[in-house]
Amino acid sequence: MRSFSWRFIRVWQRNRDVFFRLWHSEAPGSIAEPIFILLAMGVGLGAYVGLVNGQSYIEFIAPGIIASYAMFSASFECTYGSFIRMEYQKTFDAIIATPLSVEDVIAGEIFWGATRSMMTGVIILAIAAAFQLIHSPWALAIPAVAFLEGLMFASIAMLFTSVVPAIYSFNYYFTLFITPMFFFSGVFFPLSSFPPIVQSLSWIAPLTPVVHITRALVSGEFQPYLLWVFLLIVALTVIFFYLSLVTMRRRLIV
Amino acid sequence: MSIIKTTNLTKKFKELLAVDRVNLEVEEGECFGLLGPNGAGKTSLIRMITAVSPPTSGEVQVLGKDLQAHARQIKAVLGVVPQLDNLDPDLTVLQNLMTFTRYFDIPKNEALRRSDEVLKLLELDGKRDSRLRELSGGMKRRLLIARGLINLPRIVVLDEPTIGLDPQGRHLVWNKLADLKSQGVTQLLCTQNMEEAVVLCDRVAIMHQGKILSLDTPGGLVSRYAGSEVWEIEPDPSEMEAMVRELKRQGVDFEEVGGKLHLFQTGADQIKGELVKHLKRLRQRPSTLEDVFLRLTGRSLVE
């Protein structure tokens, strides 16, 4: 199997330059939405919710909101964003005519998607801290976790992007995969509300492990199973990353 | 030594044989033209030569090295000017070039210097900081060419470089490409513009249905396939059949083109007898590469 080279950084730089040229056209929206969710669900709905451990509802959902919006960032970047660059702007074609390979391009896209996740994670973390919802210094590790999470979701998105016939297909990706995860990965309520079988199923969703880890980093309370959770994220990342390199080569090199 | 050499190069897409055992040698410093109708396989051939499409069989050598094995190294000395605009619409003119210099690992100072140089060369220096949407179609095409030169390539591969340009723009590009050739840069040029091929190319290959049909200097091709002059006659439809029969009998080299007859003349007057009276309605003109193109690749649409 072909791997990527350090030259992927050139693609990352290209995406960074475009992002900082156009950031005002999308970034404010992606900051406003998590704030609305925190306020509506945390403060509004939270007034009616009593948690067993005496935690406030907004405190409970904050880590999940960080993890979810980090997921959204990488997912949008490597579905719609990558697809537009690949199919409409033919940016990938232009780049592979230079010393870069397809694998360098795709790795650059995925690392950029992960960077977007990290940026989103940092911003929401700062907002949550301003709401005084963060109590542990371990929260400083959240940007790194958001980056890893971003690598995972960018890779999964890229795998999907490598097989879709048209840009409309991403509606399925979001309505059938991303949005259900947002609701059923323990962001808004503990998974223990579900029957055991559903609880086990929810571990198939890659957002679930990230929510567990982010929640532990915010509270500073760790349990041994989190190590396995972390390794699960790493394993999924590696698998989907390399799969997407293979399927993207198949799509682009004809 | 030839700078590009293909051996039995073949590309197959499912049922379609796009490129069929092509053997080509492009000499260092020449401008080599690839002519052919739509769907002839030119773009497929070029994509293989520029290492973005793997051959189904056969091989490509560039600078004496196997292309597949040394793709990165070879791509570093190629300048590719694609047919379709794949500039970055979100970046300025200069940023487009600077982004490309990073793909080639050109240090920043050098990159700025070269960017200004290629912008000046293609007379875009006034547009250095413009957004892409402020550029006309012709300027974008020139920017594509400028971008293809940013790595000081030894070989430039151009796919229809003047398509959509006005005459001024076309002549500007032709001038620059001629300059480039005089600096020793090898050019592989795909075109459907016969004038372009005549103006720029040292040698021309005519491609049709995946094969190279003929290869020579533009002048050589014309005298071989279309003589020195073409006489165009437009007979009455009722007389057409008889005339065709008579021309065949006299052994005149001719072609029937949509109600007209093109007679390829090699110099001495070949036409005798009954036919001479038609010469009143005759238009004489020099033979062109277009006559060769049409003869070799057929009159009708190929697609």
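Along each chain, numbering runs from 1 in the same order as the chain's sequence is written. For naming, the first written chain is A and the first written ligand is 1, with later ones following in the order written. At least 70 in pLDDT is required for a residue's local features to be given in this predicted model, at least 80 for side-chain atom pairs to be given and counted, and no such filter applies to totals for whole chains, interfaces and linings, which use all residues. Note that the side-chain values use all heavy atoms of the structure and ignore hydrogens as well as water.

What follows concerns the overall build of chain A. Strands here are runs of E lasting at least two residues and helices are runs of H or I lasting at least four, both read from the DSSP assignment and numbered beginning at the N terminus. Looking only at helices and strands, chain A has 10 helices and zero strands in total. From first element to last, N terminus to C terminus, chain A shows the α and β order α-α-α-α-α-α-α-α-α-α. In terms of C-alpha radius of gyration, chain A reaches 19 Å, essentially the compact-globule figure of 18 Å for 254 residues. Once the C-alpha set of chain A is aligned to its principal axes, its extents read approximately 60 × 40 × 35 Å. Burial classification: accessible surface area is computed with a 1.4 Å probe over protein chains only, and a residue below 20% of its type maximum counts as buried, one above 50% as exposed, and the rest as partly exposed. Per-residue burial over chain A gives 54% buried out of 254 residues. In this analysis, two residues are considered to be in contact whenever any of their non-hydrogen atoms come within 4.5 Å of each other. Considering only contacts in chain A between residues 6 or more positions apart, those separated by 24 or more positions represent 79%. Only the protein chains shown count as cover for residues, and the accessible areas themselves come from Shrake-Rupley with a 1.4 Å probe. Surface accessibility of chain A: about 11,100 Å² in total, with carbon and sulfur atoms responsible for 71%. Counting rule applied: Lys, Arg positive; Asp, Glu negative; His and chain ends not counted. To locate a charge, take atom NZ for lysine, CZ for arginine, CG for aspartate or CD for glutamate. If the 13 positive side-chain charges of chain A are averaged to one point and the 12 negative ones to another, these points end up 9 Å apart. Note on method: radius of gyration uses C-alpha positions; expected globular size equals 2.2 Å times residues raised to 0.38.

Attention shifts here to the packing of aromatic side chains. Whether two aromatic rings pair depends on their centres lying within 6.5 Å, for rings of Phe, Tyr and Trp, where Trp uses its six-membered ring; planes under 30 degrees apart make the pair stacked, over 60 edge-to-face, and the rest tilted. On inspection of all chains with the given rule, the structure shows 33 aromatic pairs over all chains. Here, a charge over a ring means that NZ of Lys or CZ of Arg falls within 6 Å of the ring centre while also lying within 35 degrees of the ring normal. When the ring centre of phenylalanine 60 of chain A is taken as origin, the NZ or CZ atom of arginine 215 of chain A, which lies over that ring, is 3.9 Å away. Over the ring of phenylalanine 100 of chain B we find arginine 147 of chain B; its NZ or CZ atom is 4.2 Å from the centre of that ring.

Now for empty space enclosed by the protein. Any empty space left between atoms is shown by rolling a water-sized probe over those atoms. Residues and elements named next belong to chain B. Here a cavity is any set of points on a 1 Å grid over the protein atoms alone where a 1.4 Å probe fits but cannot get out, and a pocket is any open set with protein on both sides within 12 Å along at least 5 of 7 lines; a residue lines the site when it has an atom within 4 Å of a point. Grid points are joined across faces, edges and corners, and a volume is the space filled by probe spheres set on the points. Inspection of every chain in the model, using the stated rule, returns one cavity of 30 Å³ or more. If you add up the space inside the largest cavity, you get close to 70 Å³. Among the elements that take part in the lining of the largest cavity, helix α3 (residues 93-103) stands out by supplying four residues, more than any other. Residue composition of the lining of the largest cavity, by class: five nonpolar, four polar and two charged. Basically, the charged four are Asp, Glu, Lys and Arg, the nonpolar ten are Ala, Val, Leu, Ile, Met, Phe, Trp, Tyr, Cys and Pro, and anything else, Gly included, counts as polar.

Residue and element names in this part refer to chain A. Axis angles are defined between N-to-C directions and span 0 to 180 degrees, where every axis is a line fitted to C-alpha atoms and, for a helix, only to the segment in contact. Contact pair helix α3 (residues 57-88) / helix α7 (residues 170-184): the axes reach a minimum separation of 11 Å and the direction vectors enclose 170 degrees. It follows from the interaxial angle that α3 and α7 lie roughly antiparallel. Within the contact between the two elements, α3 uses Ser68, Tyr69, Met71, Phe72, Ser75, Phe76, Thr79, Tyr80 and Phe83 and α7 uses Phe170, Asn171, Tyr173, Phe174, Ile178, Met181 and Phe182. Considered class by class, the residues forming the contact of α3 with α7 number 12 nonpolar, four polar and no charged. Oblique is the label for any angle not covered by the other classes, which are roughly parallel (under 35 degrees), roughly antiparallel (over 145) and roughly perpendicular (65 to 115).

All names here are of chain B. Pairs of strands are assigned from DSSP output, requiring at least two bridges between the strands. Strand order in the open sheet formed by four strands is β2-β1-β4-β5, with antiparallel pairing between adjacent strands. Looking at the sheet topology across the chains shown, the edges are occupied by β2 (16-27) and β5 (65-66). Where strand β1 (residues 2-13) lies against strand β4 (residues 57-62), five bridges are found, and the strand directions are antiparallel. Bridge pairing in β4 links isoleucine 4 to valine 62. Packing of helix α1 (residues 42-49) onto the sheet brings it into contact with β1, β2 and β4, and relative to β1 it is tilted by some 120 degrees.

This brings us to the pattern of salt bridges. Residue and element names in this part refer to chain B. By salt bridge we mean one thing: a side-chain nitrogen of Lys or Arg within 4 Å of a carboxyl oxygen of Asp or Glu. Considering all chains together, one arrives at 29 salt bridges over all chains under this definition. The salt bridge involving arginine 113 is made with glutamate 117; its shortest N-O contact spans 2.9 Å. Of this pair, arginine 113 and glutamate 117 both sit in helix α4 (residues 108-121), four residues apart, which is roughly one turn of the helix. Assessed through its relative accessible area of 45%, arginine 113 is described here as partly exposed. For glutamate 117, a relative accessible area of 40% gives the class partly exposed. In this structure, the salt-bridge partner of arginine 283 is glutamate 232, at a minimum N-O distance of 3.4 Å. With a gap of 51 residues between them, arginine 283 in strand β14 (residues 282-286) and glutamate 232 in strand β11 (residues 229-233) connect regions that are remote in the sequence. Looking at glutamate 232, the relative accessible area reads 8%, which means it is buried. Each of Glu232, Lys260, Arg283, Arg285 and Asp291 takes part in salt bridges that share partners, so that together they form one network.

So, about the layout of surface pockets. Residues and elements named next belong to chain A. Approximately 790 Å³ is the volume found for the largest pocket. Taken together, 31 residues make up the lining of the largest pocket; nearest its centre are Asn53, Gln55, Phe60, Arg215 and Glu221. Among the elements that make up the lining of the largest pocket, the one with the highest residue count is helix α9 (residues 207-219) (five residues).

Residues and elements named next belong to chain B. One open sheet holds the four strands; their spatial order is β12-β13-β11-β14, and the pairing between them is antiparallel. With partners counted over all chains shown, the strands left at the sheet margins are β12 (254-257) and β14, one partner each. Direction aside, neighbouring strands of the sheet carry axes that sit 25 degrees apart on average. As paired strands, β12 and strand β13 (residues 260-265) are joined by four bridges and run antiparallel to one another. Note that in β13 the partner of glutamate 256 across the bridge is leucine 261. Here helix α9 (residues 237-250) sits on the sheet and contacts β11, β12 and β13; the angle it forms with β13, its principal contact strand, is near 15 degrees. Helix α10 (residues 289-297) rests against β11, β12, β13 and β14 of the sheet, and its axis sits at about 110 degrees to β13.

Taken together, the contacts link 27 residues of chain B with 28 residues of chain A. In this assembly, chain B packs against chain A so that about 2,400 Å² is buried in total across both faces, 53% of it on carbon and sulfur atoms. Summed over both partners, buried area is the accessible surface (1.4 Å probe) that two parts give up on being assembled. The largest per-residue losses of area from chain B upon contact with chain A belong to Arg72, Arg102 and Tyr103 of chain B, which jointly make up 32% of the total buried on that side. Between arginine 72 of chain B and aspartate 104 of chain A there is a salt bridge; the shortest N-O distance is 2.7 Å. Any N or O atom pair separated by 3.5 Å or less is treated as a polar contact, with the protein-specific requirement of one donor-capable and one acceptor-capable atom, and with residues adjacent in sequence counted only for side-chain atom pairs. There are 15 residue pairs in polar contact (both at pLDDT 80 or more) connecting chain B and chain A.

A word on the domain arrangement of chain B. Frequently, the measure chosen for interface size is the accessible area that the parts lose on association. These domain limits were set by an automatic method or by a database of domain assignments. Along its sequence, chain B is carved into domain 1 (2-217) and domain 2 (228-286). Here the C-alpha centroids of domain 1 of chain B and domain 2 of chain B sit 41 Å apart.

The next point concerns a nonpolar patch on the surface. What goes into a patch is any residue over 30% in relative accessible area without a salt bridge, connected to like charges within 9 Å or, for nonpolar side chains (Val, Leu, Ile, Met, Phe, Trp, Tyr), within 5 Å. A cluster of nonpolar residues, Ile197, Val198, Leu201 and Ile204 of chain A, forms a patch on the protein surface that exposes about 390 Å² of accessible area. Note on placement: leucine 201 of chain A falls in helix α8 (residues 196-202).

By nonpolar core we mean a set of buried residues, namely Ala, Val, Leu, Ile, Met, Phe, Trp, Tyr and Cys, connected to one another through side-chain atoms within 4.5 Å. Counting 124 residues, the largest nonpolar core has Ile65, Ile106 and Leu207 of chain A together with Leu143 of chain B as its most contacted members. The element contributing the most residues to this core is α3 of chain A, with 15 residues. Judged by nonpolar contacts, the second largest core, of 25 residues, contains Val22, Leu67, Ile155 and Cys190 of chain B.

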